Amino acid sequence: EPEVTQTPSHQVTQMGQEVILRCVPISNHLYFYWYRQILGQKVEFLVSFYNNEISEKSEIFDDQFSVERPDGSNFTLKIRSTKLEDSAMYFCASSERLYTQYFGPGTRLTVL
Amino acid sequence: SQQGEEDPQALSIQEGENATMNCSYKTSINNLQWYRQNSGRGLVHLILIRSNEREKHSGRLRVTLDTSKKSSSLLITASRAADTASYFCATALGDSWGKLQFGAGTQVVVTP
């Protein structure tokens, strides 16, 4: 069964460094998303992406964040200058049509 | 205000028993979805119920939606130890097609 994959599974970085989290959505899906879950807290929406542009973003998704679909398979989330509070599990999701989103296993980001 | 608040926060049952959890939300929705998350893992989509549906079944899962009360319930029948996980409801709001808002989840423990 097709699934969303994410790499790396765990990323440790120093505060102020740039990180790129990678996702490979399900191949025939057209809609892509990033969410994050700070330890012990709710899953929070970051951004949705369709037709090579951002469709919607949350207040969390400020100028430090960017997303890109550099080729036909990858979908990336870049954090330009990481802060301690960016430490969280980041989930990529994709959907073929609207609504039913399939999530990847997540990347645990630890900012030191 | 928060969408998708689950109740109870935690539920402990024996194998073979049924588990029921509820979700309340505040604004109009397109649909409501239930996800499962095993400890430290990704979110697995369980079932989606549209705003014009009242009940839906999938295997041992039964979901109801009452839009007049802005609430949904998830019933897991004949629970198994493998059902041990956190269960989240997520709402897609009327004015947003892709942004899911998650509740804090119900942690279910099924003991053999």
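Quantities reported herein were computed from a predicted structural model and do not represent experimental measurements.

Rules of the game
Residue positions within a chain follow its written sequence, with the count starting from 1. All chains are assigned letters beginning with A, and all ligands numbers beginning with 1, in the order in which they are written. Since the coordinates come from a predicted model, pLDDT governs what is reported: local features require at least 70, and pairs of side-chain atoms require 80 or more to be given and counted, while whole-chain, interface and lining totals use all residues. Where side-chain values are given, they derive from all heavy atoms of the structure, hydrogens and water being excluded. Helix and strand assignments follow DSSP, with helices taken as H or I runs no shorter than four residues and strands as E runs no shorter than two, numbered in order from the N terminus. Using C-alpha atoms as the atom set, the radius of gyration is obtained and then compared with a globule rule of 2.2 Å times the number of residues to the power 0.38. Each residue gets one of three labels from its accessible area relative to the maximum for its type: buried under 20%, exposed over 50%, partly exposed in between, using a 1.4 Å probe on protein chains only. Only heavy atoms enter the contact rule, under which two residues are in contact if any of them lie within 4.5 Å. Each accessible area value is a Shrake-Rupley result obtained with a 1.4 Å probe; residue values ignore everything except the protein chains displayed when judging cover. Counted charges follow a simple rule, with Lys and Arg positive, Asp and Glu negative, and His plus the chain ends left uncounted. A charge is said to be at NZ when it belongs to Lys, at CZ for Arg, at CG for Asp and at CD for Glu. Note on terminology: a nonpolar core comprises buried Ala, Val, Leu, Ile, Met, Phe, Trp, Tyr and Cys residues joined through side-chain atoms within 4.5 Å. Salt bridges are defined as contacts in which a side-chain nitrogen from Lys or Arg sits within 4 Å of a carboxyl oxygen from Asp or Glu. What gets called buried area is simply the loss in accessible area from a 1.4 Å probe that two parts show on being joined, summed for both. N or O atoms within 3.5 Å of each other form a polar contact, as long as, within protein, one can give a hydrogen and the other can take it, and as long as residues adjacent in sequence are counted only when both atoms are side-chain atoms. Ten residues, namely Ala, Val, Leu, Ile, Met, Phe, Trp, Tyr, Cys and Pro, are considered nonpolar, four, namely Asp, Glu, Lys and Arg, are considered charged, and the remaining ones, Gly among them, are considered polar. The rule for pairing is simple: two strands pair if DSSP sees at least two bridges between them. Orientation is described by axes fitted as lines to C-alpha atoms, over the contacting stretch for helices, and by angles from 0 to 180 degrees between their N-to-C directions. Confidence of the predictor at the level of single residues is given by pLDDT, which spans 0 to 100.

Right, let's talk about the overall build of chain B for a bit. Along the backbone of chain B there are 0 helices and 11 strands. Taken over C-alpha atoms, the radius of gyration comes to 13 Å for chain B, in line with the 13 Å a tight globule of 112 residues would show. Overall size of chain B, expressed as C-alpha extent along the three principal axes, is 45 × 30 × 20 Å. Expressed as a percentage of its 112 residues, the buried residues of chain B come to 46%. Long-range contacts, defined as pairs at least 24 residues apart, comprise 54% of the intrachain contacts of chain B with a sequence gap of at least 6. Here chain B has roughly 5,300 Å² of accessible surface; of this, 43% comes from carbon and sulfur atoms. Computed over 12 positive and 10 negative side-chain charges, the separation of the two mean positions in chain B equals 5 Å.

Time to look at the nonpolar core. One finds B:M21, B:L32, B:W34, B:L46, B:L74, B:I76 and B:Y87 to be the most contacted residues of the largest nonpolar core, which totals 23 residues. Per-element accounting of this core gives the leading share, 4 residues, to strand β9 (residues 85-93) of chain B. Apart from residues lying up to four places away in sequence, B:L74 is in contact with B:A19, B:T20, B:M21, B:W34, B:L46, B:L61, B:R62, B:V63 and B:Y87. Within the second largest apolar cluster, 22 residues are counted, among which are A:C23, A:L46, A:V67 and A:L109.

Summed over all chains, the structure comprises 4 salt bridges over all chains. As a salt-bridge pair, A:E44 and A:R36 come within 3.1 Å of each other at their nearest N and O atoms. Given the relative accessible area of 25%, A:E44 is considered partly exposed. By relative accessible area, which is 10% here, A:R36 ends up buried. Across the pair B:K56 and B:E53 runs a salt bridge whose closest N-O atoms are separated by 3.9 Å. What makes B:K56 partly exposed here is its relative accessible area of 26%.

So, about the interface of chain B and chain A. Listed by partner, the interface residues are 25 residues for chain B and 20 residues for chain A. Roughly 1,800 Å² of surface becomes buried between chain B and chain A when both sides are summed, with 60% attributable to carbon and sulfur atoms. One can count 0 salt bridges joining chain B with chain A. Seen at the junction of chain B and chain A, the total is 3 residue pairs in polar contact (both at pLDDT 80 or more). At the level of elements, β4 (29-37), β5 (43-50), β9 and β10 (100-102) of chain B are the ones that each hand at least two residues to the side of chain B that touches chain A. Top element by residues in the side of chain B that touches chain A is β4(B). It accounts for 5 residues. Split into classes, the residues belonging to the side of chain B that touches chain A amount to 9 nonpolar, 12 polar and 4 charged.

Residues and elements named next belong to chain B. Along the chain, S71 turns up in strand β8 (residues 71-76). Here S71 falls in the partly exposed class, since its relative accessible area comes to 23%. Here the alpha-carbon distance between S71 and L32, two residues 39 residues apart in the chain, equals 9.6 Å. Not counting chain neighbours up to four residues away, the residues in contact with S71 comprise C23, S24, Y25, T64, L65 and D66.

A few words now on the sheet that holds β8(B). Residue and element names in this part refer to chain B. One open sheet holds the 5 strands; their spatial order is β1-β3-β8-β7-β6, and the pairing between them is antiparallel. The open sheet has two edge strands, β1 (5-7) and β6 (55-58), and neither has a second partner. Direction aside, the axes of adjacent strands within the sheet are offset by 20° on average.

Let us look at the confidence of the model for chain B. A low pLDDT score tells you not to read the predicted coordinates there in detail. Predicted confidence across chain B gives a mean pLDDT of 90, with 93% of residues reaching 70 or more. Averaged pLDDT values over the elements of chain B bottom out at 81 in β1(B) and peak at 97 in strand β7 (residues 61-66) of chain B.

Residues and elements named next belong to chain A. Taken in spatial order, the 4 strands of this open sheet run β1-β3-β8-β7, and their pairing is antiparallel. Each edge of the open sheet is held by one strand with a lone partner, namely β1 (5-7) and β7 (65-68). Each adjacent strand pair in this sheet contributes to an overall mean axis angle of 20°, direction not counted. Pairing between β7 and strand β8 (residues 75-79): 4 bridges, direction antiparallel.

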